[in-house]
Protein chains: 2
Amino acid sequence: MSIVDRLAAARGEIECDLVLRDARLVNVISGEIYLTDIAVHDRHVVALGDGYAGASEVDLDGSYVTPGLIDAHVHIESSLVTPPEFARAVLPRGVTTVITDPHEIANVLGIAGIHYMLERARRGQLSMFVMASSCVPATRMETSGARLEAADLAPLLDHPWVPGLAELMNYPGVALGDEGMLDKLALFADRALDGHAPAMTGKRLNAYVAAGVQSEHECTTLAEAREKLRLGLTIFIREGTTTRNLLPLLPLITPENHSAICFCTDDRVPADLIDEGSIDFMLRQAIAAGIDPVMAIRMGSYNTARHFGLRKYGAVVPGRYADLLVLPDLRDFHAQQVYRGGELVAKDGIMLSQRRQARPLDRPASVNIGGASLDFTIPARGETIRVIGTVLDQVVTRHLVESARIVKGCAVSDVERDILKFAMIERHRASGKVGLGFIKGFGLQRGAIAGTVAHDHHNLAVIGVDDSSMRAAALALADGGGGLVAVDGERILASLPLPVAGLLSEAPIEEVRADYDRMVRAAQSLGSSLPDPFMAMSFMGLEVIPCLKLTDHGLVDVERFEVVDLFVQ
Amino acid sequence: MSIVDRLAAARGEIECDLVLRDARLVNVISGEIYLTDIAVHDRHVVALGDGYAGASEVDLDGSYVTPGLIDAHVHIESSLVTPPEFARAVLPRGVTTVITDPHEIANVLGIAGIHYMLERARRGQLSMFVMASSCVPATRMETSGARLEAADLAPLLDHPWVPGLAELMNYPGVALGDEGMLDKLALFADRALDGHAPAMTGKRLNAYVAAGVQSEHECTTLAEAREKLRLGLTIFIREGTTTRNLLPLLPLITPENHSAICFCTDDRVPADLIDEGSIDFMLRQAIAAGIDPVMAIRMGSYNTARHFGLRKYGAVVPGRYADLLVLPDLRDFHAQQVYRGGELVAKDGIMLSQRRQARPLDRPASVNIGGASLDFTIPARGETIRVIGTVLDQVVTRHLVESARIVKGCAVSDVERDILKFAMIERHRASGKVGLGFIKGFGLQRGAIAGTVAHDHHNLAVIGVDDSSMRAAALALADGGGGLVAVDGERILASLPLPVAGLLSEAPIEEVRADYDRMVRAAQSLGSSLPDPFMAMSFMGLEVIPCLKLTDHGLVDVERFEVVDLFVQ
């Protein structure tokens with residue numbers, strides 16, 4: 001079938017594939033809700049109005065119809081599963097399109113990682129647009145598995161599923177006119193250019209925006225969001241697993257500015273995707289808090305399609321894909337039926353199609369710590385140390401200065417004060433590089449936890465009470481090809497293998513979620529008081545988010561944007 | 001200068017070119033009005049906020065600053081002057097960007113006509129985007145100077161000033177899936193696709209939209225505009241010289257839908273550009289009628305930039321061109337100062353820069369009627385004739401059926417009943433083709449008027465009381481290389497030469513306007529009661545606007561979309 005058939009169907013000359021009768025359409029373009037029939041043919045909406053006949057006809061009896069939801073910015077890797085499994089989680093929730101930044105897998109596997117995601121997307125049931133990862137590695141203060149320069153990204157320009165350049169996390173570099181950053185900005189000048197500039201303000205923020213950046217999803221306070229919106233950035237309000245920005249930012253939204261606001265999830269663990277949902281969860285929260293439903297739906301669909309120039313998405317009007325939701329109630333936003341491309345793909349929260357067997361793809365070994373000594377001894381060179389201070393439910397940290405606990409001339413974990421040893425082991429190139437530091441807030445009383453998920457370089461992170469537990473945890477992951485592990489001395493309490501790049505499981509998301517819950521319980525049995533210590537740990541190496549982080553190069557003072565000594569002289 | 005300098009300026013490390021202090025900024029993105037400084041460097045806005053120093057600093061003392069206005073759809077040829085002269089008319093009014101469809105000149109000169117406009121735009125002071133003309137000729141029921149197929153338009157795809165495909169006037173062809181139309185739509189699928197479907201409704205309209213069309217500027221009634229907006233078309237509300245749609249369509253606009261509404265002028269004669277203005281005139285009218293000024297300004301700037309994907313236009317925020325207006329009062333929307341690319345180009349309605357001498361371009365002879373007999377005799381083949389019924393201030397006509405005045409076996413003009421002879425002489429290929437008919441509403445008591453401006457084929461149109469006056473008028477234009485003329489018998493009362501394609505003068509717009517006024521007075525001295533008989537005549541050959549029109553092929557019944565006999569049997 002082709003456009004010729006669609007036009008014949010729209011003219012009413014041939015039978016449509018599907019007619020939805022008596023739909024209460026939420027028209028996100030005209031801003032109205034009204035009763036109409038919706039005619040669908042060859043994957044597209046072809047007509048609104050009366051008098052169409054369909055091979056299949058469904059009487060909606062006045063139920064609401066909205067566009068399929070769109071996630072403006074998500075790292076699918078945070079779901080720990082492959083794109084088809086991610087799709088199984090979010091499609092029944094009503095999310096039919098995502099714009100994803102594959103920079104986790106790209107940091108491990110380079111362009112091959114981006115192609116892995118594009119290939120898996122092709123076989124999934126979600127419309128998945130893949131932004132070209134702009135900051136691989138995020139900075140020079142880490143070792144990643146790959147380095148992507150403008151020339152490496154150039155071939156992606158012609159890919160129909162690549163709408164632009166992903167979050168420009170090297171915000172100091174962009175604002176300072178770093179040559180590599182400007183090359184990438186110039187290459188993608190006519191495309192979407194996503195930002196990432198947490199807490200940036202004033203003149204430096206002006207420079208960042210003047211470079212051409214178009215969006216921001218890192219706002220955590222109202223004042224920050226207001227300043228950024230005024231400078232012309234489209235604000236992607238985020239409700240991730242760790243980063244819960246929706247409720248604090250709701251007062252930003254007005255009828256006058258909401259067309260420059262979109263919704264995104266950024267990073268969500270399997271449990272949150274399954275229990276809470278995705279963009280649908282944000283809509284429920286926003287509407288419950290008093291946001292007009294049509295405005296909320298626009299921010300969760302149309303605005304995002306428009307921002308990214310996705311002209312066939314985001315609205316139920318002729319010429320666009322028939323990605324749409326049927327709901328009995330707009331306020332309790334639960335999709336009863338989810339259509340994608342005119343096909344009913346989910347009903348009452350359940351996927352209708354079977355899980356498809358994906359074509360096996362190359363899975364290069366990605367955990368290669370080689371001859372790293374795994375000796376985490378820290379000879380004391382002073383009495384005062386910098387300590388990463390975790391902040392509950394945030395990816396930012398505090399930059400603490402504490403007295404060290406010194407035993408036999410070495411700085412060691414201090415369980416009483418919850419100051420634990422933290423190691424970041426380079427795992428891509430077997431360089432033997434290991435960054436060492438201390439962290440407060442994880443609460444382990446014994447043992448260690450470790451993972452190969454550590455944004456964005458995804459080196460091997462270990463937090464532990466004693467060196468032998470830490471060594472055992474690191475070795476377990478190195479031997480197993482990556483994943484998460486909790487150990488108590490030599491004993492492995494729980495593990496979750498992530499064989500794809502040390503980031504993703506190929507198991508069904510429900511299994512991964514159950515395994516993940518076991519991991520959290522194991523960490524809690526070791527004393528951790530955090531709701532999700534593995535997620536928290538995964539951001540403790542992210543040196544583009546303030547204030548103090550640890551990479552394989554050592555401690556990074558994000559505000560000074562340089563590696564600093566563990567010991568304060 | 002480059003992006004590197006702009007970022008340094010934004011960071012406050014070097015002096016900016018210009019700082020506007022104490023501006024009351026109309027922020028079209030956040031929907032707010034507030035006081036701020038605006039820093040400009042290297043043609044761009046680089047920063048909003050305090051603490052910037054400028055080589056030039058202007059204290060605005062709380063005056064309003066808005067984005068430069070954008071005309072969403074205009075045929076510059078209707079101004080009868082070249083792009084630099086058009087710019088002189090609209091820039092002091094605050095219009096800094098136009099999206100133009102050069103299909104008038106393209107119908108005469110083909111791709112060379114489009115290149116003429118692009119070349120003239122390059123030397124003008126207006127940001128002029130040129131849509132690729134989609135319907136040259138408009139239909140097969142006329143002879144034009146060129147025929148542009150998809151293959152002819154393809155080279156324009158790579159031009160940075162060509163945002164998309166111009167108004168798809170062959171709306172029956174689009175809705176019916178005409179192969180040539182679909183080829184062009186496919187070629188420009190990722191770009192802007194402008195519509196033109198006057199009075200189209202229901203299933204055919206659904207098909208037209210399903211083909212991918214994105215905008216509509218032909219709405220004349222509220223019901224029509226509502227139906228089209230609901231189908232997802234961006235509505236360009238138009239206020240041309242003849243087509244005055246703004247006031248009737250104002251009730252369409254709501255806070256909920258206005259981001260899908262833009263303003264355009266389509267066709268404006270020099271007098272209206274000079275006396276009333278352009279988009280600024282629309283803003284004044286809209287605001288006076290009660291539309292919120294920020295909403296009105298959005299429809300006249302930001303919405304249009306966004307619709308066409310012009311990411312560096314339409315808002316005063318960092319990274320965009322410093323195209324902005326300074327006004328003491330938003331309601332009486334008269335720009336006191338107009339900046340384009342950070343340069344003050346007009347002040348108090350007066351252009352500051354001198355008229356620049358344009359590089360001479362090839363001007364191929366474009367009026368070639370060859371051996372056309374110019375014998376306008378119409379032997380009577382019946383007693384009843386179809387008559388084009390003009391409608392004041394509209395380009396639509398009525399399809400009248402009247403008894404013919406027969407003299408000596410021939411149908412002739414009937415001054416008493418204001419039924420005048422109307423001829424359309426093919427002027428591009430010397431084919432000798434002449435269409436003959438009658439028209440009501442021009443009111444001439446003697447003589448004839450003629451012009452080589454006749455949308456969209458721009459053949460030579462003549463309306464007259466007697467054949468010898470008509471012949472004299474046609475010959476005057478053929479000899480003079482095109483333009484407008486009014487004759488009384490053999491005597492030429494007034495003429496306006498339009499040597500560029502028979503459409504444009506290269507004289508200053510003030511002179512053209514004075515000449516044009518003389519033309520209208522001459523026509524009125526012949527008895528015409530129309531406010532502008534030449535403009536009205538120029539649309540009487542446009543066979544894509546209902547109901548009855550005349551081309552060189554003969555009378556066209558637009559609703560049946562076919563050539564019909566003058567005589568009703």
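What counts, and where the lines are drawn
- Residues numbered from 1 in each chain as written.
- Chains lettered and ligands numbered in written order.
- Predicted model: local features only at pLDDT ≥ 70, side-chain atom pairs only at ≥ 80, totals over all residues.
- Heavy atoms only, no water.
- Helix = DSSP H or I, 4+ residues; strand = E, 2+ residues; numbered from the N terminus.
- Buried < 20%, exposed > 50% of the residue type's maximum accessible area, 1.4 Å probe, protein only.
- Contact = heavy atoms within 4.5 Å.
- Areas by Shrake-Rupley, 256 points an atom, 1.4 Å probe, with all protein chains shown as cover.
- Least-squares fit on C-alpha atoms with pLDDT ≥ 70 in both.
- Buried area = accessible area lost by both parts, 1.4 Å probe.
- Salt bridge = Lys/Arg side-chain N within 4 Å of Asp/Glu carboxyl O.
- Polar contact = N/O pair within 3.5 Å; in protein donor to acceptor, adjacent residues only side chain to side chain.
- Pairing = 2+ DSSP bridges.
- Axes fitted to C-alpha atoms, helices over the stretch in contact; angles between N-to-C directions.
- Core = buried A, V, L, I, M, F, W, Y, C linked by side-chain atoms within 4.5 Å.
- Arc of directions from axis to C-beta.
- Phe/Tyr/Trp six-rings, centres within 6.5 Å; stacked < 30°, edge-to-face > 60°.
- Lys NZ or Arg CZ within 6 Å of the ring centre and 35° of its normal.
- Patch = residues over 30% accessible without salt bridge, like charges linked within 9 Å, V, L, I, M, F, W, Y side chains within 5 Å.
- Lys, Arg positive; Asp, Glu negative; His and termini not counted.
- Charge placed at Lys NZ, Arg CZ, Asp CG, Glu CD.
- pLDDT = per-residue confidence, 0-100.

## Regarding the overall build of chain A
Per the secondary structure count, chain A includes 17 helices and 30 strands. If you line up chain A on its principal axes, its C-alpha atoms span 85 × 50 × 45 Å. Counting the 569 residues in chain A, one finds 65% classified as buried. Counting only contacts in chain A whose residues sit at least 6 apart along the sequence, the fraction spanning at least 24 positions is 69%. For chain A, the accessible surface area stands at approximately 18300 Å², while carbon and sulfur atoms represent 49% of it.

## Observations concerning the relation of the copies chain A and chain B
For these two chains of identical sequence, chain A goes onto chain B by a turn of 180° and a shift of 0.0 Å along the axis, with RMSD 0.0 Å. Here the transformation between the copies is reduced to the relation of a two-fold axis. The share of interface residues of chain A whose copies in chain B are also at the interface is 100%, consistent with both copies meeting through the same surface.

## Details of the interface of chain A and chain B
Counting from both sides, the interface comprises 48 residues of chain A and, opposite them, 48 residues of chain B. Of all residues in chain A, Lys203, Arg230 and Arg311 of chain A give up the largest surface area on contact with chain B, accounting jointly for 18% of the area buried on that side. Summed over the shared surface of chain A and chain B, the result is two salt bridges. Note that arginine 230 of chain A is salt-bridged to glutamate 32 of chain B, the shortest N-O span being 2.9 Å. Applying the counting rule to chain A against chain B returns 18 residue pairs in polar contact (both at pLDDT 80 or more).

## Considerations on the pairing of strand β18 (residues 384–390) of chain B
Residue and element names in this part refer to chain B. Counting buried residues in β18 gives six out of seven residues, a clear majority hidden from the surface. The sheet contact formed by β18 and strand β19 (residues 397–403) spans seven bridges and is antiparallel. By the bridge assignment, arginine 386 is partnered in β19 with valine 401. Pairing analysis gives two bridges linking β18 to strand β23 (residues 434–440), with the strands arranged parallel.

## Comments concerning the sheet that holds strand β26 (residues 483–488) of chain A
All names here are of chain A. The strand order across the open sheet built from eight strands is β19-β18-β23-β22-β25-β24-β26-β27, with neighbouring strands paired in mixed fashion. Because the sheet does not close on itself, it has two edges, and the strands there are β19 (397–403) and β27 (491–497). The average undirected angle you get between the axes of adjacent strands in this sheet is 25°. Taken strand by strand, helix α15 (residues 467–480) contacts β22 (419–425), β24 (448–451), β25 (460–464), β26 and β27, and its axis lies near 150° from that of β26. Helix α16 (residues 509–525) contacts β24, β26 and β27 of the sheet and is inclined by roughly 150° relative to β27.

## Digging into the nonpolar core
Counting residues in each nonpolar core, the largest one holds 359 residues, and the members touching the most others are Ile38, Phe442 and Ile449 of chain A together with Ile38, Phe442 and Ile449 of chain B. Setting aside its immediate chain neighbours within four residues, phenylalanine 442 of chain A contacts Thr390, Asp418, Leu420, Ile449, Ile463, Ser528, Ser529, Leu530, Pro533, Ala536, Met537 and Met540 of chain A.

## Focus: helix α7 (residues 179–187) of chain A
Side chains three or four residues apart in an α-helix point the same way, a direct result of the helix having 3.6 residues per turn. Of the residues making up α7 of chain A, those classed as buried are Met181, Leu182, Lys184 and Leu185 of chain A. Burial along α7 of chain A is one-sided: seen end-on, the buried residues are contained in an arc of 160°. Projecting away from the buried face of α7 of chain A at angles above 90 degrees are the exposed residues Glu179 and Ala186 of chain A. Tucked into the core, α7 of chain A has its buried residues touching α5 (150–153), β9 (164–168), α6 (171–176) and β10 (192–195) of chain A together with α1 (3–10) of chain B. The N-cap residue of α7 of chain A is aspartate 178 of chain A: its side-chain oxygen and the backbone nitrogen of glycine 180 of chain A are 3.0 Å apart.

## A closer look at the environment of alanine 225 of chain B
When you line up the elements, alanine 225 of chain B lands in helix α9 (residues 222–230). It is 7.3 Å that separates the C-alpha atoms of alanine 225 of chain B and leucine 252 of chain B, two residues lying 27 residues apart in sequence.

## Focus: the sheet that holds strand β12 (residues 234–238) of chain A
Pairing between the strands of a sheet is mediated by backbone hydrogen bonds and can be parallel or antiparallel. All names here are of chain A. With parallel pairing, the three strands of this open sheet are ordered in space as β11-β12-β13. Looking along the sheet, the strands with just one partner apiece sit at the ends: β11 (215–216) and β13 (261–264). Here helix α12 (residues 279–288) sits on the sheet and contacts β12 and β13; the angle it forms with β13, its principal contact strand, is near 125°.

## Quick notes on the side chain of threonine 36 of chain B
Residues and elements named next belong to chain B. Within the secondary structure, threonine 36 sits in strand β2 (residues 32–41). Threonine 36 sits in the buried class, given a relative accessible area of 9%. For threonine 36, the side chain forms a polar contact with the main-chain nitrogen of glycine 49, separated by 3.1 Å. Once residues within four sequence positions are removed from consideration, threonine 36 is found in contact with Leu20, Arg21, Asp22, Ala23, Leu25, Leu48 and Gly49.

## So, the packing of aromatic side chains
If you walk through the whole model with that rule in mind, you get six aromatic pairs over all chains. Note on phenylalanine 129 of chain B and tyrosine 313 of chain B: the rings are 5.2 Å apart at their centroids and 85° apart in plane angle, and the pair reads as edge-to-face. Taken as a pair, phenylalanine 129 of chain B in strand β8 (residues 127–130) and tyrosine 313 of chain B in the loop between α14 (302–307) and β14 (324–327) lie far apart in primary sequence, 184 residues in all. Look at tyrosine 313 of chain B and you get buried, because its relative accessible area is 14%. Taken together, the aromatic side chains of Phe129, Tyr313 and Tyr321 of chain A make up a single cluster linked through ring pairs. Over the aromatic face of tyrosine 34 of chain A sits the side chain of arginine 230 of chain B, whose NZ or CZ is 3.6 Å from the ring centroid.

## Concerning α1 of chain B
Buried residues of α1 of chain B: Arg6, Leu7, Ala8, Ala9 and Ala10 of chain B, and no others. Just past α1 of chain B, the residue glycine 12 of chain B takes up positive phi, approximately 85°.

## Things to note about a negative patch on the surface
Residues and elements named next belong to chain A. On the surface, Glu149, Asp152, Asp178, Glu179 and Asp183 cluster together into a negatively charged patch. Topologically, aspartate 178 is positioned in the loop between α6 and α7. Classification of aspartate 178 by relative accessible area gives partly exposed; the value is 33%.

## Examining the pattern of salt bridges
Scanning the model with the defined rule gives 56 salt bridges over all chains in all. For lysine 228 of chain A, the salt bridge identified is with glutamate 216 of chain A, shortest N-O distance 2.7 Å. Placement of lysine 228 of chain A in helix α9 (residues 222–230) and of glutamate 216 of chain A in strand β11 is noted, with a sequence separation of twelve residues between them. With respect to class, lysine 228 of chain A is no different from glutamate 216 of chain A; both count as buried. The residue aspartate 42 of chain B makes a salt bridge to arginine 6 of chain B at a minimum N-O spacing of 2.6 Å.

## Things to note about unusual backbone geometry
All names here are of chain B. The peptide bond linking histidine 455 to aspartate 456 adopts the cis configuration, its omega dihedral lying at -15°. With respect to the secondary-structure elements, aspartate 456 resides in the loop between β24 (448–451) and β25 (460–464). Residue cysteine 547 follows proline 546 across a cis peptide bond; omega there is 0°. The residue cysteine 547 is located in the loop between α17 (533–538) and β28 (548–551) in this model. With a phi close to 65°, alanine 199 is a non-glycine residue in the positive phi region. A relative accessible area of 55% means that alanine 199 is categorised as exposed.

## Quick word on the environment of proline 163 of chain A
Residue and element names in this part refer to chain A. Within the element layout of this structure, proline 163 appears in the loop between α5 and β9. The class of proline 163 is buried, set by a relative accessible area of 11%. For the pair proline 163 and leucine 246, spaced 83 residues apart in sequence, the C-alpha to C-alpha distance is 25 Å. In this structure, proline 163 is in contact with Phe129, Val130, Met131, Arg191, Ala192 and Phe308, ignoring residues within four places of it in sequence.

## A few points about the environment of threonine 452 of chain B
Residues and elements named next belong to chain B. Looking at where threonine 452 falls in the secondary structure, it is placed in the loop between β24 and β25. Take threonine 452: its relative accessible area is 0%, and that puts it in the buried class. Spatially, the C-alpha atom of threonine 452 lies 9.2 Å from that of alanine 474, the residues being 22 residues apart in sequence. If sequence neighbours within four positions are ignored, threonine 452 has contacts with Val367, Arg427, His458, Asn459, Leu460, Leu477, Gly482, Gly483, Gly502 and Leu503.

## Regarding the confidence of the model for chain A
Of the residues in chain A, 98% reach a pLDDT of 70 or more, and the chain-wide mean stands at 95. Two summary scores accompany this predicted model of the complex, namely pTM at 0.93 and ipTM at 0.92.

## Quick word on the pairing of strand β29 (residues 554–557) of chain B
Residue and element names in this part refer to chain B. Summarising the sheet, β28 and β29 pair through four bridges and their orientation is antiparallel. Along β29, the bridge assignment pairs lysine 549 with valine 556. Across three bridges, β29 lies against strand β30 (residues 562–564) in antiparallel orientation. Paired with valine 556 across the two strands is valine 563, which belongs to β30. Hairpin remark: β29 followed by β30, antiparallel, with four residues in the connecting loop; positive phi at phenylalanine 561, about 55°.

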